[in-house]
Amino acid sequence: MIRHQYRALVCATALLVPCLSYISPGFLALMGIGPSWVVLWLLPWALEEGSFSGVLAGVSFGLILDSISLGDVTQIPALVILGFWWGRLGRIGIPIEKVFSLGLLGWLGSVLIGLCFWLQLFFFKRPVSVDLFNSWSLHTIFAQSIMTALLTPIVSSRLLLFFRSRSNSV
Amino acid sequence: MAGGQQFAIFRWRFLRRLRPWILLIGGLVIIRSTKGALFSDAYAVLTRPFWPGASQREWLQSGDQLAKQIRLNLLEEDNNRLRKMLELQASSKYGVFSVPVISRQSKGWWQQLELGKGSFQGIKAGSAVLGPGGLLGIVQSVTPTTSKVRLLTAPGSQVGVWITRTKHHGILLGIGTNRPQLTFFDKAPQVVKGDVVSISPASTLLPPNLPVGVIQSVNNNALPAPIATVQLLAPPEAVDWVQVQNFDD
């Protein structure tokens, strides 16, 4: 019973990611750019569940988020890399729980996703519009990573505690 | 001596009798020289209560608007007929929908709008999306009840436009920033800041002559052709309702 409840709650929190990406609340935006919601969920999930679950979650979220955006670019590669890396980090060494560590990982994850977009835009859209070093990409990466880093200690730490409670109770 | 006194009395009486006439003629001369300003003002003050009311003015204005609307319809029909003869894209008023914006991402990696109507309501991929003032973007994909709009500012967005004043054509490219970039085809487009940019009449994707924006700055030294920055007329971050315009196939 507890297991079913846990799964339902995991699904509910995961569903919040595309929902919040759709809603993109203005009060959680820096100069019009919101956080990377998927990072806030994927980080605690991969830290707790390991590389395999992290990669699967990364692919799943990548597919969902690509489907709700018009982009000709995909975030699956970046999410797969992050899911694997954070899964490894959770399995080896000391458990990552500190607020600063989570914030730093969230920031790095958001920057990696941004760089992935930047490179894809450069290689696929360069002939028509986007230069390699354009201020818009830099601005988007920094604004999004700062917002993600600020929210990670608040949101991801709570999710990490929630995911950890399952391994203690089940 | 007595004769001289009598003459003086006569002259004084003559002038006294003539005084009203002198005053009258003097007054008329003043009125003439001021082009009747005093008369006009006095007339305006006295007749103000009897002036035509606001309702009559509105009636005249609505009549004027109706006449303009009829003339616009006739010109549009004429224009569409000629465009069909030239096998160009025709604009039509019949496929216009007012649609709510249900999700908005005007900045960041994706610059798109999600609209609350889709193919069930007759919206098609490729339709023009208009905000207050001008074109916002193009419907990229539709579901039965929603549509996704790629904004003109989004990277990868390309629209054929022209400068209304000089009739020089170019491509409006979204580069992610609030102001898309206009790349001209000509080396000397003679464009200046403030020129109006609209959809090219030669466009095969969008209805012609939809207003898009205003030239904000021009770089005449760019190679291979000058480029300009365009300030869009319709700000995507502020619209809650848009108009979607289908056009005739």
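Located above this text is the structure these notes cover.
This one's a predicted model, so the numbers in the text were calculated from it and none came from an experiment.

Novice: Pulling in residues and values, what's your account of the sheet that holds strand S4 (residues 134-142) of chain B?
Specialist: Residues and elements named next belong to chain B. Reading around the barrel, the 6 strands line up as S1-S2-S5-S4-S3-S12 and close back on themselves, with antiparallel pairing between neighbours. Taken over all neighbouring pairs, the strand axes of this sheet differ in orientation by 40 degrees on average, direction set aside. Taken together, the 4 bridges between strand S2 (residues 112-115) and strand S5 (residues 147-151) define a ladder with antiparallel strand orientation. Bridge pairing in S5 links glutamate 114 to lysine 148.

Novice: Describe the interface of chain B and chain A, and please don't skip the residues or the numbers.
Specialist: Taken together, the contacts link 23 residues of chain B with 26 residues of chain A. Buried area between chain B and chain A, summed over both chains or domains, comes out near 2000 Å², and the portion from carbon and sulfur atoms is 63%. The interface formed by chain B and chain A holds 2 residue pairs in polar contact (both at pLDDT 80 or more) in total. At the level of elements, strand S1 (96-105), S2, S4 and S5 of chain B are the ones that each hand at least two residues to the side of chain B that touches chain A. Residues belonging to the side of chain B that touches chain A are distributed by class as follows: 6 nonpolar, 12 polar and 5 charged.

Novice: So what about unusual backbone geometry? Which residues, and what values?
Specialist: Glycine aside, a negative phi is what most residues show, and trans is what most peptide bonds show. Residue and element names in this part refer to chain B. With a phi close to 65 degrees, lysine 167 is a non-glycine residue in the positive phi region. Positive phi outside glycine occurs at asparagine 209, with the angle close to 65 degrees. For asparagine 209, the location among the structural elements is in the loop between strand S9 (196-199) and strand S10 (211-219). According to the relative accessible area criterion, asparagine 209 is partly exposed, its value standing at 41%.

Novice: Run through the sheet that holds strand S6 (residues 158-163) of chain B, naming residues and quoting values.
Specialist: All names here are of chain B. Pairing is antiparallel around the closed barrel formed by 6 strands, whose spatial order is S6-S7-S8-S11-S10-S9. In this sheet, neighbouring strand axes are inclined to one another by 40 degrees on average, regardless of whether the strands run parallel or antiparallel. Pairing of strand S7 (residues 169-173) with strand S8 (residues 181-184), which is carried by 4 bridges, proceeds in the antiparallel orientation. The residue bridging leucine 173 from the neighbouring strand is glutamine 181, located in S8.

So, how was this worked out
Residues numbered from 1 in each chain as written. Chains lettered and ligands numbered in written order. Predicted model: local features only at pLDDT ≥ 70, side-chain atom pairs only at ≥ 80, totals over all residues. Heavy atoms only, no water. Pairing = 2+ DSSP bridges. Helix = DSSP H or I, 4+ residues; strand = E, 2+ residues; numbered from the N terminus. Axes fitted to C-alpha atoms, helices over the stretch in contact; angles between N-to-C directions. Contact = heavy atoms within 4.5 Å. Buried area = accessible area lost by both parts, 1.4 Å probe. Polar contact = N/O pair within 3.5 Å; in protein donor to acceptor, adjacent residues only side chain to side chain. Nonpolar A, V, L, I, M, F, W, Y, C, P; charged D, E, K, R; others polar. Buried < 20%, exposed > 50% of the residue type's maximum accessible area, 1.4 Å probe, protein only.

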